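One-letter residues, chain by chain:
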Amino acid sequence: MRKLAAAGAATLFAAIAFTGQAFSFEPKQTECVAPANAGGGWDFTCRQVGKALYDLKIVPGPVQVTNLAGGGGGVAFAEVVAKRNTNNDLIVAASSATTTRLAQGAFPGANQDQVRWIGTVGADYGVIAVSKDSPINTLPELFEKVKADPKSVSFAGGSAVGGWDHLKVLIAAKEAGIDDARTIKYVAFEGGGEAVTQLLGGHVQAFTGDISETKGFVDSGDLKVLAVLSEERLPGEFADFPTAREQGIDAVGANWRGFYAPGGMSDEAYDFWVNAVKTTYESDEWKQIMATNGLMPLARFGDEFDAFIAKQVADTEALSREIGILQ
Amino acid sequence: MDVLASLADGFAVALTWQNLGLALIGCFLGTIIGALPGLGPSNGVAILIPLAFTLGLPATPALILLTSVYYGAMYGGRISSILLNIPGDEPALMTTLDGYPMTQQGKAGEALALSGIASFVGAFFATWGLVFLAPQLVKVALLFGPAEYFALFTLAFATLGGIAARNQAKAVIAAALGLGIAMVGVDHQTGVPRLTFGEIHLYEGIHFLIAIVGLFAISEVLLFLEHAKGEAPEASATKLNRITAPLSMLKKTAGAMGRSTIVGFIAGVLPGAGASLGSFVSYTMEKRISDKDGTFGKGDPRGVAAPEAGNNAAAGGALVPMLALGVPGSGTTAVLLAMLMALNITPGPLLFTQQPDVVWGLIAALFIGNIMLLLLNVPMVGIFVRVLQVPTKYLMPAVAMIAFVGIYGLSGSTFDLLVMIGFGVGGYVLRKLDVPLVPVILGILLGNEMEKNMRRALTISDGEYSILWGSPIAITIWVLAIVGFVAPVLIGRFLRPKKDVTVSP
């Protein structure tokens, strides 16, 4: 009961705080486009944030969620750029996968400047892990082994070659002093679960993925996390995992979740949405959702988010060129 | 027997009026969703996830609703396979081979009743398998690396000749077409788009449901259009003798059901194999074992019972790796997994101990849903077969409509509708050339996985091909594949009556 009251108070507070600011823009029939089918990560982002936006009375009516699947998000991106460029009531769910594909030219004719980047609502951080029986205990040890004999370690991950799980290892390997990214052996599986299974079965030697995918196996003791790719140690039950940074490998890999908006959106509407997402992110209600869904903190909004995206796209592009995905 | 005690607790969780009501709704909706071409178990579950969220259901009732839909759709898929020769979903593909011929012989009622019972047997025993064997089976699933999976898919293709007995060469051409279609999309191992022609809608490949609905449903409509000018085929002429399966038929098919349940369950447990492979291998194996008179493919009840028992057993088996490893064994379990994560339940080795009420409640719900489906399906046979009495001139436009709505509902993309029409025209041409359609679909369904696993294996071994036969399991599967490929050629020469004059192209 107390929790409910607290949530109520928080809502009220957020509403007051919010209405306190004057915006020349008033949203009407708001819409969130999830560039994937129901049940996926982008769909989740739209539905949960949409619900929070309405519960916090930031938008006047329930946010309509539209699923526009295809092309790994490329169909939605193209649709927004081509047909809905000046819509002020529209936001689109995005994540690191969006920037990775933009950087690798997987959305034909698209680039990140065609849309306006609003902000994040959290992140899932990368981990590099080995099975419990592995003789390797730290991240530098693993990369020493790769340096000595690159063929001796296969990394399994849940994304395609050049995808986020692959890039994370490469970022870490670079920082560990491995100059030629192509020597890293990466095997792509369908999703993190399958990759972990292959690790436990002894078919591969290391795993790269997101922390939410590994939780069950860490709890059961089957998996040994060598490093989390976060700036500092994560809160709560994940506090035991050392970061790569504290082991002398300055690698950060955050799979963020957030939104972009049509490129032709007015400045007033853009300011409104940046503030709306920020208010949601900072609400107690959202903290609750983050906790139950394994989302970690990552806050970037407006211009700061825009710069963050530009850097991520540039970094990804450089790495992709090096491993030969981009010519 | 603490397993049984846990199961009893599970029933205590599941047996509330609300949960029973949800299970009933789920079973009913699932059956309908499964029966509609273009809507399969995975879309059924995906469509209902928002509903479960909106209703604010707690974990157990939400899972009960969704798994009922899942099992219901696995049951329902067979209905249009048998009645219309259009698979309702991909695992029901093999049921068309003998189910539709039975309908043509006026045995639609028997085929539906029999397949309902076979589905029940498969799902029921698979659920028991889930209860007792989940922890041990997980260890088996771990033994399967990329090389072993590659061998397994090769086994499936090696026995392909078995399903289209009339002209092996055409079956091979059909399978090759399917493999080619499977190549479309961004290559998972290198990120390079293949055969996409710069069209972004093709980057994720061609969804097999689009191919199935196009090849089967749309080409059926085109065939009807062709005949419509001439003499109208009398749909209502199909006699409906009875709407239950005679006991003698059940006795005759009992062995087929039993064997297929085991095969299907194992295929389900292996992540990445799934229900389609389960029903496929069940059918080809049953054909090898019991088709002494060459009646398979011409309306043999065992050819209906085997794939149905197999695919429903696989549905149960696929829950083993999903619950115990968090690895989905099929498209549907992938959606269920997303649902579990959203409910803050982390599947994995500790799920059985950390969240016993969720797991055992779910398992109890599976038993309940299964019995409900049997009770729901057997009397409903009478209603389903009425479909056949609808004159073709009304039925075919309805089929076309459902096909379009179903595929549009899948992705909301008009591009997919065009692809579907393309497949419809292609299917029409293939039928005219007497090229079987089932191997095309199998190529699409299995080809991708087969390729991916081979390339994963070769990445791990640095291009050393010997990894493909580097383990006892892989060698065993290879031996089976070679025997499966060679045996029919040798034995068939003596056993199979020479009734088909092969038309050389």
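Cut-off values and rules
Residues numbered from 1 in each chain as written. Chains lettered and ligands numbered in written order. Predicted model: local features only at pLDDT ≥ 70, side-chain atom pairs only at ≥ 80, totals over all residues. Helix = DSSP H or I, 4+ residues; strand = E, 2+ residues; numbered from the N terminus. Rg over C-alpha atoms; globule rule 2.2 N^0.38 Å. Buried ≥ 20, exposed ≤ 12 C-beta atoms within 10 Å, placed from the backbone. Contact = placed C-beta atoms within 7 Å. Core = buried A, V, L, I, M, F, W, Y, C linked by C-beta atoms within 7 Å. Axes fitted to C-alpha atoms, helices over the stretch in contact; angles between N-to-C directions. Left-handed = near helix turned anticlockwise from the far one by under 90°. Expected span 1.5 Å × (residues − 1). Arc of directions from axis to C-beta. Domains from an automatic or database assignment. Pairing = 2+ DSSP bridges. Nonpolar A, V, L, I, M, F, W, Y, C, P; charged D, E, K, R; others polar.

A. Quick look at the overall build of chain A. Secondary structure assignment for chain A yields 11 helices and 9 strands. Here the C-alpha atoms of chain A give a radius of gyration of 20 Å, agreeing with the 20 Å that 2.2 N^0.38 yields for 327 residues. Overall, the C-alpha framework of chain A stretches about 60 × 50 × 30 Å when taken along its three principal axes. Among the 327 residues that make up chain A, the fraction classed as buried is 54%. Long-range contacts, defined as pairs at least 24 residues apart, comprise 78% of the intrachain contacts of chain A with a sequence gap of at least 6.

B. Focus on the overall build of chain B. Across its full length, chain B holds 20 helices and 2 strands. When each of the 505 residues of chain B is scored for burial, the buried share is 59%.

C. How the structure looks around the environment of Glu286(B). Residues and elements named next belong to chain B. Tracing the chain through its elements places Glu286 in helix H11 (residues 274–290). Since 28 C-beta atoms lie within 10 Å of it, Glu286 is described here as buried. Put simply, Glu286 and Gly303 are 17 residues apart on the chain and 7.5 Å apart in space, counted from C-alpha to C-alpha. With sequence-adjacent residues up to four places away left out, Glu286 is seen in contact with Ala256, Arg259, Ser260, Arg302 and Ala306.

D. Highlighting the nonpolar core. Val92(A), Ile118(A), Ala172(A), Leu66(B), Ala211(B), Val213(B) and Ile441(B) are the most contacted members of the largest nonpolar core, which has 274 residues in total. Residue contributions to this core peak at 17 residues, all from helix H6 (residues 108–143) of chain B. Contact partners of Ala211(B), with chain neighbours within four places excluded, come to Ile181(B), Ile206(B), Phe423(B), Ile441(B) and Ile444(B).

E. Inspection of the packing of helix H4 (residues 59–84) of chain B against helix H16 (residues 356–386) of chain B at higher detail. Residues and elements named next belong to chain B. Relative to each other, H4 and H16 sit at 30°, their axes nearing to 8 Å. When the axes of H4 and H16 are compared, the crossing they make is right-handed. Each of Ala59, Thr60, Leu63, Ile64, Thr67, Ser68, Tyr71, Gly72, Tyr75, Ile79 and Leu83 in H4 lies in contact with H16, whose residues at this interface are Asp357, Val358, Gly361, Leu362, Ala365, Leu366, Gly369, Asn370, Leu373, Asn377 and Phe384.

F. Spotlight on helix H11 (residues 302–322) of chain A. Residues and elements named next belong to chain A. For H11, spanning 21 residues, the distance from its first C-alpha to its last is 31 Å, which sits close to the expected 30 Å at 1.5 Å a residue. Taken together, the buried positions of H11 are occupied by Phe305, Phe308, Ile309, Gln312, Thr316, Leu319 and Ser320. End-on, the buried residues of H11 take up no more than an arc of 105°, which puts them together on one face. Looking at H11, the residues exposed on the side facing more than 90 degrees away from the buried face are Asp303, Ala307, Lys311 and Ala318. Turning to H11, the residues buried within the fold contact helix H4 (96–103), strand S4 (115–131), helix H6 (164–175) and strand S9 (254–262).

G. Broad picture of the domain arrangement of chain A. Residue and element names in this part refer to chain A. Each domain of chain A was delimited in the assignment, giving domain 1 (2–123 + 254–322) and domain 2 (125–247). Between domain 1 and domain 2, the C-alpha centre-to-centre distance is 28 Å. At the interface, 13 residues of domain 1 touch 13 residues of domain 2. Looking at the side of domain 1 that touches domain 2, the elements that each hand over two or more residues are H4, S9 and H11. Ranked by residues supplied to the side of domain 1 that touches domain 2, first place goes to H11 with 4 residues.

H. Region of the structure containing the pairing of S4(A). Residues and elements named next belong to chain A. The buried fraction of S4 is high, at 16 of 17 residues. The pairing of S4 with strand S7 (residues 206–210) spans 4 bridges and is classified as antiparallel. Paired with Gly126 across the strands is Asp210, a residue of S7.

I. Looking closely at the interface of chain A and chain B. Counting from both sides, the interface comprises 44 residues of chain A and, opposite them, 42 residues of chain B. Listed by contribution, the elements that provide at least two residues to the side of chain A that touches chain B are helix H2 (41–55), helix H3 (74–83), strand S6 (185–188), helix H7 (191–200) and helix H8 (211–219) of chain A. Looking at the side of chain A that touches chain B residue by residue, the class counts come to 17 nonpolar, 20 polar and 7 charged.

J. Spotlight on the environment of Glu237(A). Residues and elements named next belong to chain A. Looking at where Glu237 falls in the secondary structure, it is placed in the loop between strand S8 (223–228) and S9. Judged by the 11 C-beta atoms lying within 10 Å of it, Glu237 falls in the exposed class. Once the C-alpha coordinates of Glu237 and Asp219 are considered, the two residues, 18 residues apart in sequence, prove to be 10.0 Å apart.

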